[in-house]
Amino acid sequence: MKKYFFEPRVGSRYAEKWDGYYTMILGAHQVCTANCEFKSLCTTNAGVREMDNACPVYEEGREDPYLRLSNGNRIEMDAYIENAANYPAYSSFTKYMLGERGFVSVERRAEFWERVVFCNYLQHYLPDSDTPTYGENQLLFDADVAAFKQMLHVIEPAPQLIYVWSESVASALRNNLSKIEGLKEVPMERESQVMEVALFSYQTEIQYSREWVRSLLKRNTIIIPEVDPPLDLVIYRAIKQGYLGYKNGMFTIPYKRKEKHFDYGLFLETLYENYMEKWNVVESFFVLLDKNGQKQRQKLRQISSDSVKYYGQLEVKRIFDKQLSDSEIEDV
């Protein structure tokens, strides 16, 4: 049985990839601005299926298979690309992905959107256009995890990178990573200044360079302390092995992630011991996330382990201080 209702829009040039990866753009939900007697039906997963070919907005084109509610992702994006409708949010995101300012031509819009998959996460309309927060609407978002997972299996080839265009949806995915094998959040090399954007990989290893980590540290600390092991190397190794993320300008520590071959107590003690003089600065761009992907109030020193204070430094040095070849520290 098909669990999702809205068909993903697979761009006509999807096979060419975007920036070297099969890419999905994942929005939050469809928006309906019409007022009609059936609107309450469209706000449930079961009801919106009943209205797929019965929506009064498409009454004149009832026989056209293109004009269906389930084709909403394509209808909206086609209208935006062709400049037939004004979608400010689509425009802002397009400029972000293209790195452009000002008006984006139809040709440039198509160059991007025809090479990616576009879909929205929630599988029914909401009563208004505002996206609710995940923390207060967990059941709403968690209900469509299975539908999203099925979409990933249906799209060929499966997307490797997923730009999540909503903090609420990103929080839902973070809280349900165990239900979608191969999905994980990865650092973003470029921050969005106009909207909430998170990045996930799917069954793909995304590598980030040590130089990228070093540039972030320089931006935050001005001067990187030259001690052993180097701060950028310690953090780079943690990111490369998936134990740290990067979000909104801060390195993030996942909620209660425990691995036999990685001890956060040792990792944090190394930061504390080796970078004491810069501790307040280092602490300012690390954040611990709770199970919903929200920031916890604790400082790093409050979650580091006193029991490993004296030997943690050497143990983390053993884990991280390894000679890396040039190929290991270059972006792919």
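The structure we're discussing is the one just above.
What comes next concerns the included structure. (Residues numbered from 1 in each chain as written. Predicted model: local features only at pLDDT ≥ 70, side-chain atom pairs only at ≥ 80, totals over all residues. Heavy atoms only, no water.)

### Regarding the pairing of strand β4 (residues 161–164)
Where burial is concerned, the two faces of β4 agree: the one with L161 and Y163 and the one with I162 and V164 are both buried. Pairing of strand β2 (residues 23–27) with β4, which is carried by 4 bridges, proceeds in the parallel orientation. Bridge pairing in β4 places T23 opposite L161. When β4 meets strand β6 (residues 198–202), the two strands line up antiparallel, connected through 4 bridges. What sits directly across from Y163, in β6, is L199. (Buried < 20%, exposed > 50% of the residue type's maximum accessible area, 1.4 Å probe, protein only. Helix = DSSP H or I, 4+ residues; strand = E, 2+ residues; numbered from the N terminus. Pairing = 2+ DSSP bridges.)

### Remarks on the side chain of K39
Relative to the elements of secondary structure, K39 occurs in the loop between β2 and α1 (45–50). D128 is the oppositely charged side chain nearest to the buried, salt-bridge-free K39, at an N-O distance of 8.8 Å. Ignoring sequence-local partners within four residues, the contact set of K39 consists of C32, A34 and P127. (Lys, Arg positive; Asp, Glu negative; His and termini not counted. Salt bridge = Lys/Arg side-chain N within 4 Å of Asp/Glu carboxyl O. Contact = heavy atoms within 4.5 Å.)

### Comments concerning the environment of Y125
Looking at the element boundaries, Y125 is found in the loop between β3 (117–120) and α5 (138–142). Look at Y125 and you get buried, because its relative accessible area is 8%. A C-alpha to C-alpha distance of 7.7 Å links Y125 and V48, two positions 77 residues apart in sequence. If we skip the residues at most four places from it in the chain, Y125 touches F6, Q30, V31, C32, C42, T43, V48 and L69.

### Some thoughts on unusual backbone geometry
The bulk of non-glycine residues show a negative phi, and the bulk of peptide bonds are trans. The residue after E156, namely P157, is reached through a cis peptide bond having omega -15°. Positionally, P157 belongs in the loop between α6 (145–154) and β4. Phi at K17 takes a positive value of approximately 70°, unusual for a residue other than glycine. Classification of K17 by relative accessible area gives partly exposed; the value is 25%. Although it is not a glycine, Q203 adopts a positive phi angle of roughly 50°. Tracing the sequence through the fold places Q203 in the loop between β6 and α8 (210–221).

### Structural notes on the nonpolar core
In this structure, I25, F93, F112 and W113 are the most contacted members of the largest nonpolar core, which totals 43 residues. Listed by contribution, the elements that provide at least two residues to this core are α2 (72–81), α3 (88–98), α4 (106–113), β4, α8, α9 (231–240) and α10 (264–274). Broken down by element, the residue count for this core peaks at 7 residues, all from α9. When neighbours within four sequence positions are excluded, I25 is seen to be in contact with F93, F112, W113, V116, V117, F118, C119, Y163 and W165. (Core = buried A, V, L, I, M, F, W, Y, C linked by side-chain atoms within 4.5 Å.)

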